[in-house]
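As a plain string of letters, each chain reads:
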Amino acid sequence: MSGHGAAQPMTARRAGPLTGRADVPGDKSISHRALIFGAMAVGETRITGLLEGQDVLDTAKAMRAFGAEVVQHGPGAWSVHGVGVGGFSEPADVIDCGNSGTGARLIMGCMATHAMTATFTGDASLRKRPMGRVTDPLSLFGAQAYGRKGGRLPMTLVGAANPVPVRYATPVASAQVKSAVLLAGLNAPGQTVVIEREATRDHSERMLLGFGAELTVEKTAEGNVITLTGQPELRPQTVAVPRDPSSAAFPVCAALVVEGSDVFVPGVSQNLTRNGLYITLVEMGADIAFENPREEGGEPVADLRVRFGPMKGIEVPPERAPSMIDEYPILSVVAAFAEGVTVMRGVKELRVKESDRIDAMARGLEACGVRIEEDEDTLTVHGMGPGGVPGGATCKTHIDHRIAMSFLILGMAAKAPVSVDDASPIATSFPIFEGLMRSLGADLG
Ligand code: S3P
């Protein structure tokens, strides 16, 4: 898992239609935050529907290392006895965040305003990813970071003993950077302000309010101005984690490209900071019905009924990228089965995810017979129509769960089987992927 163990190759073959119901696991972003905010509240936070993927388990372990008591009671049912804002104790060992950029960056944020030192590391993928984007604003609070060249992990962070509040405009559209600054601001006196030009996922803001922090979000010409009052007493909560729209994307897109499919995917988030893929699929002509809109776990959700059908290529507007940043790999698979060209602009952030996702998708799609074009910030896919992709290749996953799942779905609809060199990273976010897709009728193994 997470690139530590032996590689697990996997192959997907074209099978009959996919049918039935796909219950996807809990949201990864919300699961990390439920554990972290639970650890910063005094008393017991109860969580249901927690994603038990490796990324989240690594965050649970980290919260224990900082002094919180984190206990699993049953599948998805967890409790966190938090230590309160400012109550972290210094970890006795290195914090290993595994494959998770969210885990690493958010936890660095919380510890940066504690008078302690901690060293962070991760797997071969995480150790390549840029951390300067969080250590730059954290240094404004008074923290000091000593990492490898280019701000890479392993990295030692010396927290600020007397933190000062910060006003910070994020230079990249990143919920992780925004959240790291807000988490650091929790243990600084006064008001910490984050300004984001483009709105990114807002789970930290929603959850901070839920845990009783004083926080305002003002929409201005500069973008969203988020103001947090430091040193609140966070109150423990009961958190029902909704299903993950980024995981739902895989069975949804599989149903759209495998001939004759008809799949029901309940409880998919319609949060405007997360639903860009679903807007894009509808624009491409996808047959998706959004049924029974309601609220679950504080998030707007709907049940999706998804049927196979022809789709057309489109231009995806760059301003949509933050609301679908993790969905471009699977969108590029859908685009390969559409008629015409799909152009994805403004996607250079994909180059610093668990892998360089533009490069990983481009190379694998080419190997499967799809014409693509790329530049630093754009991926263009020339669609081959329903069932039209040749397939017949082994694609490299580069320790990246979403690349692995995307190519396996390509193989479910391509003319010849598609293999991935290593499916083990799927366990970071969607540990039941293989069983769930098989239950819908996929030929996977
Ligand atoms: C996440 C934010 C996004 C996303 C990641 C989860 C989060 O990253 O890609 O999977 O939970 O805040 P960035 O903030 O770097 O865009």
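Residues numbered from 1 in each chain as written. Predicted model: local features only at pLDDT ≥ 70, side-chain atom pairs only at ≥ 80, totals over all residues. Heavy atoms only, no water.

Going by what an unreviewed UniProt entry lists, the chain is known as 3-phosphoshikimate 1-carboxyvinyltransferase and is assigned to Fertoeibacter niger. Check the Pathway (unreviewed entry) section of the UniProt entry for the chain; it says "Metabolic intermediate biosynthesis; chorismate biosynthesis; chorismate from D-erythrose 4-phosphate and phosphoenolpyruvate: step 6/7." In its Subcellular location (unreviewed entry) section, the UniProt record describing the chain reads: "Cytoplasm". (UniProt positions renumbered as here; feature names shortened; annotations may be inferred.)

Engineer: So what's going on with the UniProt feature "domain: Enolpyruvate transferase" (unreviewed entry) in the chain? Residues and values would help.
Structural biologist: Within this numbering scheme, the UniProt entry marks residues 15–435 as carrying the feature "domain: Enolpyruvate transferase" (unreviewed entry). Helix and strand shares over residues 15–435 are 29% and 27% respectively, and the end C-alpha atoms of the span are 15 Å apart. (Helix = DSSP H or I, 4+ residues; strand = E, 2+ residues; numbered from the N terminus.)

Engineer: Describe the site of the ligand, naming the residues involved and giving the relevant values.
Structural biologist: Taken together, Lys 28, Ser 29, Arg 33, Thr 102, Ala 173, Ser 174, Ala 175, Gln 176, Arg 201, Ile 325, Asp 326 and Lys 353 make up the full set of residues near the ligand. The contact in question runs from an oxygen atom of the ligand to an N or O atom on the side chain of Ser 174, over 2.8 Å. At 2.7 Å, a side-chain N or O of Asp 326 approaches an oxygen atom of the ligand. For the ligand, whose free accessible area comes to 380 Å², the fraction covered by protein is 96%. Using a 2 Å cut-off from the grid points, one finds that the ligand occupies the largest pocket. Among the secondary structure elements, those contributing two or more residues to the shell around the ligand are α1 (28–39) and α5 (175–186). (Near = heavy atom within 4 Å. Polar contact = N/O pair within 3.5 Å; in protein donor to acceptor, adjacent residues only side chain to side chain. Areas by Shrake-Rupley, 256 points an atom, 1.4 Å probe, with all protein chains shown as cover. 1 Å grid on protein atoms, 1.4 Å probe; cavity = no way out; pocket = protein on both sides within 12 Å on 5 of 7 lines; lining within 4 Å. Sits in = over half its atoms within 2 Å of the grid points.)

Engineer: Run through empty space enclosed by the protein, naming residues and quoting values.
Structural biologist: Scanning the entire structure with this criterion turns up one cavity of 30 Å³ or more. Of the pockets and cavities examined, the largest cavity occupies roughly 40 Å³. In terms of lining residues, the largest cavity is bounded by Leu 256, Val 257, Phe 308, Gly 309, Pro 310, Met 311, Phe 337 and Pro 386. Among the residues forming the lining of the largest cavity, the class breakdown is seven nonpolar, one polar and no charged. (Points joined across faces, edges and corners; volume = space filled by probe spheres on them. Nonpolar A, V, L, I, M, F, W, Y, C, P; charged D, E, K, R; others polar.)

Engineer: How would you summarise the packing of α1 against helix α2 (residues 54–65) if you had to cite specific residues and measurements?
Structural biologist: The contact between α1 and α2 brings their axes to 9 Å, and the two run at 5°. With respect to their mutual orientation, α1 and α2 come out roughly parallel. Note on element contacts: α2 touches α1 through Asp 55, Val 56, Thr 59, Ala 60 and Met 63, opposite Lys 28, Ser 31, His 32, Leu 35, Ile 36 and Ala 39. Along the lines of polarity and charge, the residues of the contact of α1 with α2 split into six nonpolar, three polar and two charged. (Axes fitted to C-alpha atoms, helices over the stretch in contact; angles between N-to-C directions. Parallel < 35°, antiparallel > 145°, perpendicular 65-115°, else oblique. Contact = heavy atoms within 4.5 Å.)

Engineer: So what's going on with the side chain of Asn 271? Which residues, and what values?
Structural biologist: Here Asn 271 is to be found in the loop between β15 (262–269) and α8 (276–283). Its relative accessible area of 1% is what places Asn 271 among the buried residues. At 2.7 Å, the side chain of Asn 271 and the side chain of Thr 273 are in polar contact. When neighbours within four sequence positions are excluded, Asn 271 is seen to be in contact with Asp 202, His 203, Arg 206, Glu 299 and Pro 300. (Buried < 20%, exposed > 50% of the residue type's maximum accessible area, 1.4 Å probe, protein only.)

Engineer: Just give me the short version of the layout of surface pockets, but keep the residues and values in it.
Structural biologist: In this structure, the largest pocket encloses a volume near 680 Å³. Forming the walls of the largest pocket are 40 residues, and the residues nearest its centre are Ala 173, Ser 174, Ile 325, Glu 349 and Lys 353. Contributing elements (two or more residues each) for the lining of the largest pocket: α1, α3 (101–111) and α5. When the residues that make up the lining of the largest pocket are grouped by side-chain class, the tally is nine nonpolar, ten polar and 21 charged. Counting residues domain by domain, the lining of the largest pocket receives three or more from each of domain 1 (10–26 + 242–444) and domain 2 (28–166 + 179–187). (Domains from an automatic or database assignment.)

Engineer: Tell me about the sheet that holds strand β1 (residues 10–13), residues and numbers included.
Structural biologist: With mixed pairing, four strands are arranged side by side in an open sheet as β22-β23-β1-β24. The strands lining the two open edges of the sheet, one partner per strand, are β22 (394–395) and β24 (443–444). Taken together, the three bridges between β1 and strand β23 (residues 418–420) define a ladder with antiparallel strand orientation. Note that in β23 the partner of Ala 12 across the bridge is Val 418. (Pairing = 2+ DSSP bridges.)

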